[in-house]
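These are the residues of each chain, in order.
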Amino acid sequence: MKKASRFVSFEGIDFSGKTTQISLLAKRLKEKGFGVDILREPGGTPISERIREILLDKNHLEMTAISEMLLFSAARNQLVTQKVLPALQNGNFVIADRYVDSTTVYQGYGRKIDMQIINDVNRIATMGHMPSLTFFIDIDEATFQERARNTSADRLEQAGIDFFRRVREGYLELAKKEKQRIVTIDGRQTVGAIQNEIWECVTKKMHLIDEV
Ligand SMILES: Nc1ncnc2c1ncn2[C@@H]1O[C@H](COP(=O)(O)OP(=O)(O)O)[C@@H](O)[C@H]1O
Ligand SMILES: [Mg+2]
């Protein structure tokens, strides 16, 4: 059977535990001798990091939804070209802290840009390069609010609870539509329990059983 590409992405609302789980997964893969590149969106290349600063700037309240979508997508195209494809070519694992599903959910469901436009722009930005496995870590509103307390929100995190609801609903719908690729995980579990679930999926999907 053909092995799935070693491209994995993590999705979920802020504070769902993506970064926590990514560093644990990367550590575990490295311990087994695999090369691992962690990429965060938006960012990961000099141009993409500059775009990230524009997107996260609290003063940029006048930014239109379309500008936001196009900036994220420009940053992503740089990332795919300069980082994702070369890393996969070298046989490394690529773990993306957010990828194209974030645009579908935040700019599509969240900011209500037409889904046809979103899909077209996503295809252009990724040039068709999709992860073979995506973990959607799902947390409910209460968990979100609990974890968000005492943190200083950036421009995107300030968007409010209605926005949170649309985004979460978007992720749930998307995961239902793309069952082959997207694995939904209950983010209210302990860090260790979530990691075990993720590890099991990765080793199965990537056929690593014989190698680890
Ligand atoms: N399973 C978990 N249970 C409880 N707290 C968690 C869990 N996973 C992460 N956290 C905590 O929640 C916060 C957000 O986690 P983080 O990994 O940064 O999320 P994200 O990258 O999705 O925004 C951090 O303070 C982290 O320690
Ligand atoms: Mg994070």
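Structural notes, computed from the coordinates. Just so you know, these numbers come straight off a predicted model, no measurement behind them.

Concerning the site of ligand 1
Part 1 of the reasoning: In the vicinity of ligand 1 there are 13 residues, among which Phe 15, Gly 17, Lys 18, Thr 19 and Thr 20 approach most closely.
Part 2 of the reasoning: Listing elements by their share of the shell around ligand 1, those giving two or more residues are α1 (18–31) and α8 (191–205).
Part 3 of the reasoning: Of the residues forming the shell around ligand 1, the biggest block, three residues, is contributed by α1.
Part 4 of the reasoning: Split by residue class, the shell around ligand 1 holds three nonpolar, seven polar and three charged.

A few points about helix α7 (residues 161–177)
A turn of α-helix holds 3.6 residues, and therefore any two residues three or four places apart point the same way.
Part 1 of the reasoning: Between its first and last C-alpha, α7 extends 24 Å over 17 residues, near the 24 Å set by a 1.5 Å rise per residue.
Part 2 of the reasoning: By the burial criterion, the buried members of α7 are Val 167, Arg 168, Tyr 171, Leu 174 and Ala 175. Projected onto a plane normal to the axis of α7, the buried residues spread over an arc of 130° and lie on a single side. In α7, those exposed residues whose orientation departs by more than 90 degrees from the buried face are Asp 162, Lys 176 and Lys 177.
Part 3 of the reasoning: Among the structural elements, β1 (7–11), α4 (100–110), β4 (133–138) and β5 (182–186) are those in contact with the buried residues of α7.

Details of the packing of α4 against α7
Part 1 of the reasoning: Two elements in contact, α4 and α7, have axes whose closest approach is 9 Å; the angle formed by their N-to-C orientations is 130°. With respect to their mutual orientation, α4 and α7 come out oblique. As for the relative orientation of α4 and α7, their crossing is right-handed in sense. Residue-level contacts link Asp 101, Thr 104, Val 105, Tyr 106, Gly 108, Tyr 109 and Gly 110 of α4 to Phe 163, Arg 166, Val 167, Glu 169, Gly 170, Tyr 171 and Leu 174 of α7.

Quick look at the sheet that holds β1
Part 1 of the reasoning: With parallel pairing, the five strands of this open sheet are ordered in space as β2-β3-β1-β4-β5. Single-partner strands in this sheet number two, and they are β2 (36–40) and β5. Averaged over all adjacent pairs, the angle separating strand axes in this sheet is 20°, with direction ignored.
Part 2 of the reasoning: Pairing between β4 and β5: five bridges, direction parallel. For Thr 134, the partnering residue across the bridge sits in β5 and is Ile 182.

Examining the nonpolar core
Part 1 of the reasoning: The biggest cluster of nonpolar side chains holds 43 residues, and the ones touching the most others in it are Val 94 and Ile 95.
Part 2 of the reasoning: With six residues, helix α3 (residues 65–89) is the single largest residue contributor to this core.

So, the environment of Lys 204
Part 1 of the reasoning: One can find Lys 204 in helix α8.
Part 2 of the reasoning: Overall, the presence of 12 C-beta atoms within 10 Å leaves Lys 204 in the exposed class.
Part 3 of the reasoning: A C-alpha to C-alpha distance of 19 Å links Lys 204 and Leu 88, two positions 116 residues apart in sequence.

Some remarks on the packing of helix α2 (residues 46–56) against α3
Part 1 of the reasoning: Where α2 meets α3, the closest approach of the two axes is 8 Å, and the angle between their N-to-C directions is 160°. Here α2 is positioned roughly antiparallel relative to α3, judged by the angle of their axes. As for the relative orientation of α2 and α3, their crossing is left-handed in sense. Counting all contacts with α2, which are made through Ile 47, Ser 48, Ile 51, Arg 52, Ile 54 and Leu 55, the residues of α3 involved are Glu 68, Leu 71, Phe 72, Ala 74, Ala 75, Gln 78 and Leu 79.
Part 2 of the reasoning: Tallied by class, residues from the contact of α2 with α3 come to nine nonpolar, two polar and two charged.

Conventions and cut-offs
Residues numbered from 1 in each chain as written. Chains lettered and ligands numbered in written order. Predicted model: local features only at pLDDT ≥ 70, side-chain atom pairs only at ≥ 80, totals over all residues. Near = placed C-beta within 6 Å. Helix = DSSP H or I, 4+ residues; strand = E, 2+ residues; numbered from the N terminus. Nonpolar A, V, L, I, M, F, W, Y, C, P; charged D, E, K, R; others polar. Expected span 1.5 Å × (residues − 1). Buried ≥ 20, exposed ≤ 12 C-beta atoms within 10 Å, placed from the backbone. Arc of directions from axis to C-beta. Contact = placed C-beta atoms within 7 Å. Axes fitted to C-alpha atoms, helices over the stretch in contact; angles between N-to-C directions. Parallel < 35°, antiparallel > 145°, perpendicular 65-115°, else oblique. Left-handed = near helix turned anticlockwise from the far one by under 90°. Pairing = 2+ DSSP bridges. Core = buried A, V, L, I, M, F, W, Y, C linked by C-beta atoms within 7 Å.

All we've got here are geometric facts, nothing functional implied.
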